[in-house]
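Tertiary structure, described
Each chain is listed here by its residues.
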Amino acid sequence: MSGTVRETEFEGRRVTVAGLGVSGAGAARALLARGAEVTLVDGNDGERQRAQAGELTAAGVEVRLGDGDTLPKGAELVVTSPGWPPDHPLFAAAAEAGVPVWGDVELAWRLRGRDAAPWLAVTGTNGKTTTTRMLAAILAAAGLRTAAVGNIGVPVVDAVLADPPYDVLAVELSSYQLHWAPSLRAHSGAVLNLAPDHLDWHGSMAAYAADKGRIYAGNEVACVYNVADPATEELVREADVVEGCRAVGFTLGPPAPSQLGVVEGLLVDRAFVDRPDLAEELAQVSDVDPPAPHNVANALAAAALARAYGVPADAVRRGLAAYRPDPHRISHVATVAGVGYVDDSKATNTHAALASLGAYPSIVWIAGGLAKGATFDELAAASADRLRGVVLIGADRRLIAEALTRHAPDVPVVDLDRTDTGAMAAAVSEATRLAAPGDTVLLAPACASMDMFTNYNVRGDAFAAAVRQLAADPADQEPNEQ
């Protein structure tokens, strides 16, 4: 297969692995097993890193902590973990020395065997993990040995070396991973959406979009795009694909030929059918959990990739019906005194928060954190008529408050002026005070979490814990009856 390497390719080769994380450790072990001389570098030197380093050192990897900028002498290849920016001094040193740089995905792609499992690849600003897990559920329902891998938490290097091998892989790919994967050629790929994100890493929106578009390069059967997001279709038009590969759109409305869409509460397919004037029923909207519009779009994208691989319609339905969303992704925590409480802590940018806010008609919104250079005017303007109230926490809450003043001046806003972890319980208390029966208290921060919490999971857990405490004794905090 294109891009694969010989078993002996790494024997005696001096390889530097950048980053002591899950993917970096997996890459180091895989290279070591193939006879490479592996040096792993990481700029951190904490207790956790030393514990991980001890395990790798015992296996035969040279680990250098506290210096991730220096290229080890004699390095012939650098394999980087996702997230290391392209302007990192290590990569500048590699370029000066003429040493190639691969990402963990590039390494995995090259390590595949002759009869390797095809990749069905997913990227986009938001919805990647949900779509990839939906896709894996559909593939499993079709009786295929599969896994959701990549940026989703299971290193793709481990997946391609699994024994017994997989039939097909559902692969989530971040823009970081795609940047360092020039040889990747997926069976079919999807870009779910495009919105400004990680621009500090990529340098510009054009560079970010170009890296996302790499997922279409060399696609064999289908390039799946979002009809509502013309930028994704433009990436398909620009892609160099295998002859005969098709552009397949997904839409929340009735589909045109070569599209999947929604008709009278049904997910239907007009792309992978015998006649273009026919549509095949795949599932009901109610089979999607939760059936919020952006999540239905995720389901359609997953179905399109599965259908491109030849999965029958009944497996799409069974897979979607079996799928359960991960925590912190528009997850209903509880209903207390007629008010719903929903955790979408994973909404770490404005595009994700807009989709989340669009799923409910009357909302008390908990927002704030690290803005990552984002602006909030478009989000505030688009959501103003849904907001009953807003509670703000986090370092950059002022930016959201100013946008609300401009675009939703009549919406009550509580500025907690707190960045401690205990602020979440106070935020839930204030949101409950603002809410009335029938409202939804929605944690969709539109910001990253690291100013207050270790990650979005911990932030969501804090919200859920505060809601559970409220549910245990709702009399202490009754919502408004207005």
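Numbering of residues starts from 1 in every chain and runs along the sequence as written. Two thresholds apply to this predicted model, a pLDDT of at least 70 for residue-level local features and 80 or more for giving and counting side-chain atom pairs, whereas whole-chain, interface and lining totals are computed over all residues. Side-chain metrics rest on all non-hydrogen atoms present in the structure, leaving aside hydrogens and water.

Some details on the sheet that holds strand β12 (residues 259–263)
So the rule is basically this: Two strands pair under a simple rule: DSSP has to find at least two bridges between them. Working definition: helices are DSSP H or I runs of at least four residues, strands are E runs of at least two. Numbering for both runs from the N terminus. Note on geometry: axes are lines fitted to C-alpha atoms, helical ones only across the stretch in contact, with angles between N-to-C directions running from 0 to 180 degrees. Here, residues are in contact when the closest pair of their heavy atoms is within 4.5 Å.
Ordered by their spatial adjacency, 9 strands build an open sheet running β7-β8-β6-β9-β10-β11-β12-β13-β14, and the pairing between neighbours is mixed. Taken across any chain shown, the strands that pair with only one partner, and hence form the sheet edges, are β7 (148–150) and β14 (280–284). The average angle at which neighbouring strand axes cross in this sheet is 25°, direction not considered. For β7 and strand β8 (residues 169–172), the ladder comprises 3 bridges, and the chain directions are parallel. Of the residues in β8, the one forming a bridge with Gly150 is Glu172. Across the sheet, helix α10 (residues 230–238) touches β9 (188–191), β10 (222–226) and β11 (246–250), and the angle it forms with β10 is around 160°. Each of β13 (266–269) and β14 is contacted by helix α12 (residues 313–322), which is oriented at about 10° to β14, the strand it contacts most.

Concerning the packing of aromatic side chains
Using the following cut-off: Pairing of aromatic side chains requires ring centres within 6.5 Å, counting the rings of Phe and Tyr and the six-membered ring of Trp. Pairs whose planes differ by under 30 degrees are stacked, by over 60 edge-to-face, and all others tilted. Burial here depends on accessible area, computed with a 1.4 Å probe over protein chains only, as a share of the maximum for the residue type. Under 20% is buried, over 50% is exposed, and the range in between is partly exposed. A ring is scored as having a charge over it whenever the NZ atom of a lysine or the CZ atom of an arginine sits within 6 Å of its centre and within 35 degrees of its normal.
Per the stated rule, a full pass over the model turns up 4 aromatic pairs. Both rings, one in Trp109 and one in Trp119, keep their centres 4.9 Å apart while their planes meet at 80°; by these two values the pair is edge-to-face. Linking Trp109 in helix α4 (residues 104–111) with Trp119 in strand β6 (residues 119–123), this pair joins segments that are 10 residues apart in sequence. An identical accessibility class is assigned to Trp109 and Trp119; each is buried. In this structure, Arg246 is placed above the aromatic ring of Phe272, and the distance from its NZ or CZ to the ring centre is 5.1 Å.

Considerations on the nonpolar core
Put simply, the rule is: Residue types Ala, Val, Leu, Ile, Met, Phe, Trp, Tyr and Cys, when buried and joined through side-chain atoms within 4.5 Å, form a set referred to as a nonpolar core.
One finds Leu31, Leu107 and Trp119 to be the most contacted residues of the largest nonpolar core, which totals 51 residues. If sequence neighbours within four positions are ignored, Leu107 has contacts with Phe10, Ala27, Leu31, Val79, Trp102 and Val157. Residues Val224, Leu260, Ala271 and Ala283 belong to the second largest nonpolar core, which totals 45 residues.

So, the sheet that holds strand β20 (residues 440–443)
Ordered in space as β15-β16-β20-β17-β18-β19, the 6 strands form an open sheet in which the pairing is mixed. Edge positions in the sheet fall to β15 (331–336) and β19 (413–415), since each has one partner strand and no second. Between one strand and the next, the sheet's axes are offset by a mean angle of 15°, whatever the strand orientation. Bridge analysis of β15 against strand β16 (residues 339–343) gives 5 bridges, and the strand direction is antiparallel. Residue pairing across strands places Val336 opposite Val339, the latter belonging to β16.

Quick look at the environment of Gly373
Examined against the element boundaries, Gly373 turns out to sit in the loop between β17 (363–367) and α14 (377–383). Overall, the relative accessible area of 77% leaves Gly373 in the exposed class. Along the chain, Gly373 and Tyr360 lie 13 residues apart, while their C-alpha atoms are 27 Å from each other.

Here's the deal with the side chain of Asp343
Inclusion rule: Just so you know, the count uses Lys and Arg for positive and Asp and Glu for negative, and it drops His and the chain ends. For this analysis, a salt bridge means a side-chain nitrogen from Lys or Arg found within 4 Å of a carboxyl oxygen belonging to Asp or Glu. N or O atoms within 3.5 Å of each other form a polar contact, as long as, within protein, one can give a hydrogen and the other can take it, and as long as residues adjacent in sequence are counted only when both atoms are side-chain atoms.
If you trace the backbone, Asp343 turns up in strand β16. Despite its burial, Asp343 pairs with no opposite charge; the closest candidate is Arg459, at 7.1 Å N-O. Among the polar contacts made by the side chain of Asp343, one reaches the side chain of His328 at a distance of 2.5 Å. Polar side-chain contacts of Asp343 include one of 2.9 Å to the backbone nitrogen of Ser345. Beyond its immediate stretch of four places on either side in the chain, Asp343 contacts His328, Arg329, Ile330, Ser331, Val333, Leu443, Gly460 and Phe463.

Digging into the packing of helix α5 (residues 128–141) against helix α11 (residues 293–308)
Filter applied, for reference: Oblique is the label for every angle not falling under 35 degrees (roughly parallel), over 145 degrees (roughly antiparallel), or within 65 to 115 degrees (roughly perpendicular). In this scheme the handedness of a crossing depends on how the near helix is turned from the far one: anticlockwise by less than a right angle means left-handed, clockwise means right-handed. Polar here means any residue outside two lists: the nonpolar Ala, Val, Leu, Ile, Met, Phe, Trp, Tyr, Cys and Pro, and the charged Asp, Glu, Lys and Arg; Gly therefore counts as polar.
Their axes nearest at 8 Å, the elements α5 and α11 cross at an angle of 45°. The angle between the axes of α5 and α11 places the two elements in the oblique class. Note on packing geometry: the crossing formed by α5 with α11 is right-handed. In contact with Thr130, Thr131, Met134, Leu135, Ile138 and Leu139 of α5, α11 contributes Asn295, Asn298, Ala299, Ala301, Ala302, Ala303, Leu305 and Ala306. For the contact of α5 with α11, a count of residues per class yields 10 nonpolar, 4 polar and no charged.

Considerations on unusual backbone geometry
The phi torsion of most residues other than glycine is negative, and most of the peptide bonds are trans. Residue Pro164 is reached from Asp163 by a cis peptide bond, and omega for that bond is 5°. Structurally, Pro164 can be placed in the loop between α6 (156–160) and β8. Note that the residue after Asp289, namely Pro290, is joined by a cis bond; omega there is -10°. Of note, the phi angle at His328 is positive, near 75°, even though the residue is not glycine. When you line up the elements, His328 lands in the loop between α12 and β15.

Some remarks on the side chain of Thr132
Assignment of secondary structure puts Thr132 in helix α5. For Thr132, a relative accessible area of 0% gives the class buried. Within the local environment of Thr132, its side chain forms a polar contact with the backbone oxygen of Lys128, the two atoms lying 2.7 Å apart. Those residues in contact with Thr132, other than ones at most four positions away along the chain, are Val122, Ala148, Ile152, Ala170, Val171 and Glu172.

Distances and angles like these do not, on their own, reveal function.
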